[in-house]
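The residues making up each chain are set out below.
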Amino acid sequence: MRITRQEYARRRKALMAQMEPNSIAILPAAPVYIRNRDVEHNYRQDSDFQYLTGFAEPEAVAVLVPGREHGEYVMFCREKDKERELWDGYRAGQEGAVSEFGADDAFPINDIDDILPGLIEGRERVYYAMGANQEFDRRLTSWINIIRSKARLGAQPPNEFVALDHLLHDMRLYKNAAEVKLMHAAGEISAQAHTRAMQVCRPGMYEYQLEAELQHTFMRHGSRSPAYQSIVAAGRNACILHYTENTAQIRDGDLVLIDAGCELDCYASDITRTFPANGRFSAEQRAVYDIVLAAQKEAFEHIAPGRHWNEAHEATVRVIVGGLIDLGLLKGSVDEVIASESYRRFYMHRAGHWLGMDVHDVGDYRVGGEWRVLEPGMVMTVEPGIYIAPDDDSVPKKWRGIGVRIEDDVVVTRTGCDVLTDAVPKDADEIERLMAAAREHAA
């Protein structure tokens, strides 16, 4: 399951239709990053570049020149090189950039200094994401300065830089049916991984052993990597929001919070589930868990076209505050606690974020100073949580160290929202039944 060549062409056409006349857009591929010495991190293409090209190789630059006589889509990329391909793998080369990826024209990346300034010269505006790639910023500035130095000879340098991100990121915010289908597939794989982790978890295991089960399931079903570094947090570690060490031993009586999702064709999924390591919630764990689950369910009721971005978060706050007051962990009325923000020591993050090619995807949350109004095709996470610090002496000891988060991915539809990741259990009774059945089967 992949985004088609026709879809990439449609995206380029849509972007060029928004560009001012007599302009040019320039997008460099992601650089290669060194992990240590001569070992590279696994290469992952820049999301904007991938969105418009589908071209997964480094050392490439995509150029869009609306109205260019010889073709509007120009690609600079590595040449075919049998010796380098023996060591580093397949290269599309210039022929492949045209035949496989739809470029109208393709040139060797080593010729970019000679060719790209000529494409820029005479264009009034350059659309570019300044600051995203500092090395390329310097190269682009040098090309502009070369054109300026020839102004007395009649060369016409561009007189304006325009933020390409503004147009492109608004496009990326709206997912079409093919993108939603791909993200649903990523969610299905991630759901299987979370279910597998619940089934195999036993006290005495280490967090990284559950992480291995996640990674195994991702790759077994076609995903080459997680969308982000997996969080496997047992016991008090669940109260660390971005815990990624995953090295602690899981104890009997711990809750295990797993925040993990796979990436599929550069589209992310993002799921969090919290479950008891021994298969049974304690009374206190269950009480906190049920509040978080109720908060998430309430949030879903506030996600629909015409509702604004913050309504779902506000809904989770009211449910969580009411629940914590009922447990005696907060004092006062719901409105008083919300006004004072005293709940934030237990619920300190927002209820979600945009999701797409980046796990924290692009797109403004406010427009004109107001919360963005939701529209069909927007994809977001819903992830309320409660975290009671293990050293919080202001609460009875039985509550300390309990951390719970429940997260799913949803797409806004014409009538409300659809949950893309509901294939993994989250009702507390259902989780306990799943884990009990797995133990019986193993026995």
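Here the structure is shown first, and the text comes after it.
Worth saying up front: this structure is predicted, and the values here are computed from it rather than measured.

1. Quick word on the overall build of the protein chain
When its secondary structure is counted, the protein chain shows 13 helices and 21 strands. Expressed along its principal axes, the backbone C-alpha trace of the protein chain runs to roughly 80 × 50 × 40 Å. Looking at the protein chain residue by residue over its 443 residues, the buried ones come to 53%. Counting only contacts in the protein chain whose residues sit at least 6 apart along the sequence, the fraction spanning at least 24 positions is 69%.

2. Details of the packing of aromatic side chains
Applying the stated criterion across every chain yields a total of nine aromatic pairs. Their ring planes at 15 degrees and their centres at 5.4 Å tell us that Y206 and Y208 sit as a pair that is stacked. On the accessibility criterion, Y208 (42% relative accessible area) is partly exposed. On the numbers, 4.7 Å between centres and 55 degrees between planes, the contact of W309 with Y365 is tilted. With W309 in the loop between α10 (283–300) and α11 (310–326) and Y365 in the loop between α12 (334–340) and β15 (366–367), the pair connects residues that are 56 residues apart, well separated along the chain. In this structure W309 comes out as buried when scored by relative accessible area, which is 5%. Classification of Y365 as partly exposed rests on a relative accessible area of 27%. Three or more aromatic residues joined by ring pairs form one cluster here, namely Y128, F136 and W143.

3. Let's talk about empty space enclosed by the protein
Taken as a whole, this structure holds one cavity of 30 Å³ or more when the rule is applied. Looking at the largest cavity, its volume works out to about 60 Å³. As for the largest cavity, its lining consists of W309, A312, H313, R350, A351, G352, M380, T381 and V382. Of all the secondary structure elements, the ones that give two or more residues to the lining of the largest cavity are α11 and β17 (379–382).

4. A short note on the sheet that holds strand β5 (residues 73–77)
Read from one edge to the other, the open sheet built from six strands follows the order β6-β5-β4-β1-β7-β8, with strand pairing classed as mixed. One side of each edge strand has no neighbouring strand; the edge strands of this open sheet are β6 (105–108) and β8 (160–163). Averaged over neighbouring strand pairs, the angle between their axes works out to 20 degrees when direction is ignored. Against the sheet, helix α6 (residues 134–149) touches β1 (23–28), β4 (61–64), β7 (125–128) and β8, its axis set at about 170 degrees to β7. Its contacts with the sheet put helix α7 (residues 164–173) on β1, β7 and β8, and the angle it makes with β8 is roughly 25 degrees.

5. What to know about the layout of surface pockets
Empty space within the largest pocket amounts to approximately 810 Å³. Looking at the largest pocket, it is lined by 20 residues, and the ones nearest its centre are Y43, R44, Q45, S225 and E263. Broken down by class, the residue content of the lining of the largest pocket amounts to seven nonpolar, seven polar and six charged. The space that makes up the second largest pocket amounts to roughly 320 Å³. Lining of the second largest pocket is provided by 17 residues; of these, H242, D259, H353, H360 and E383 occupy positions nearest its centre. Looking at side-chain class alone, the lining of the second largest pocket contains four nonpolar, seven polar and six charged residues.

6. Some points on α10
The terminal C-alpha atoms of α10, which comprises 18 residues, lie 26 Å apart, in line with the 26 Å expected from a rise of 1.5 Å per residue. Taken together, the buried positions of α10 are occupied by Q285, V288, Y289, I291, V292, L293, A295, Q296, A299 and F300.

7. With respect to the sheet that holds strand β11 (residues 255–260)
Spatially, the three strands line up as an open sheet ordered β10-β11-β14, and their pairing is antiparallel. Since the sheet does not close on itself, it has two edges, and those belong to β10 (231–234) and β14 (271–276), each with one partner. Ignoring which end each strand starts from, the neighbouring axes of this sheet average 10 degrees apart. Docked against the sheet, helix α8 (residues 177–200) engages β11 and β14, running at close to 15 degrees with respect to β14.

8. Section: the side chain of D137
You can see D137 is positioned in helix α6. Summary of buried charges: D137 has no salt-bridge partner, and the nearest side chain of opposite charge, R138, is 7.3 Å away. Separated by 2.9 Å, the side chain of D137 and the backbone nitrogen of G131 make a polar contact. The contacts of D137, once residues within four sequence positions are left out, are Y128, A129, M130, G131 and A132.

9. A look at the pattern of salt bridges
Opposite charge on two side chains lets them pair, provided their charged atoms get close. One pass over the structure, following the stated rule, counts 31 salt bridges. The closest approach of N and O atoms between R11 and E7, which form a salt bridge, is 3.0 Å. Taken as a pair, R11 and E7 lie in helix α1 (residues 5–18) at a separation of four residues, close to a single helical turn. Note on R11: relative accessible area 1%, which makes it buried. Residue E7 is classed as buried on the basis of its relative accessible area of 10%. In this structure, R318 and D335 form a salt bridge, with 3.0 Å as the shortest nitrogen-oxygen distance. With R318 in helix α11 and D335 in helix α12, this residue pair connects regions lying 17 residues apart in the sequence. Look at R318 and you get partly exposed, because its relative accessible area is 43%. A single salt-bridge network, built from bridges that share partners, covers D48, R172, K175, D358 and D361.

10. Description of the nonpolar core
The biggest cluster of nonpolar side chains holds 97 residues, and the ones touching the most others in it are L15, M75, L210, V256, I258, F275 and I386. When residues in this core are grouped by element, the largest group, 11 residues, is from α8. Beyond its immediate sequence surroundings of up to four residues, I386 is in contact with V288, I291, V292, I320, L324, F346, I402, G403 and V404. The next biggest cluster of nonpolar side chains, apart from the first, holds 20 residues, and it includes L116, Y128, F136 and A155.

Conventions we followed
Residues numbered from 1 in each chain as written. Predicted model: local features only at pLDDT ≥ 70, side-chain atom pairs only at ≥ 80, totals over all residues. Heavy atoms only, no water. Helix = DSSP H or I, 4+ residues; strand = E, 2+ residues; numbered from the N terminus. Buried < 20%, exposed > 50% of the residue type's maximum accessible area, 1.4 Å probe, protein only. Contact = heavy atoms within 4.5 Å. Phe/Tyr/Trp six-rings, centres within 6.5 Å; stacked < 30°, edge-to-face > 60°. 1 Å grid on protein atoms, 1.4 Å probe; cavity = no way out; pocket = protein on both sides within 12 Å on 5 of 7 lines; lining within 4 Å. Points joined across faces, edges and corners; volume = space filled by probe spheres on them. Pairing = 2+ DSSP bridges. Axes fitted to C-alpha atoms, helices over the stretch in contact; angles between N-to-C directions. Nonpolar A, V, L, I, M, F, W, Y, C, P; charged D, E, K, R; others polar. Expected span 1.5 Å × (residues − 1). Lys, Arg positive; Asp, Glu negative; His and termini not counted. Salt bridge = Lys/Arg side-chain N within 4 Å of Asp/Glu carboxyl O. Polar contact = N/O pair within 3.5 Å; in protein donor to acceptor, adjacent residues only side chain to side chain. Core = buried A, V, L, I, M, F, W, Y, C linked by side-chain atoms within 4.5 Å.

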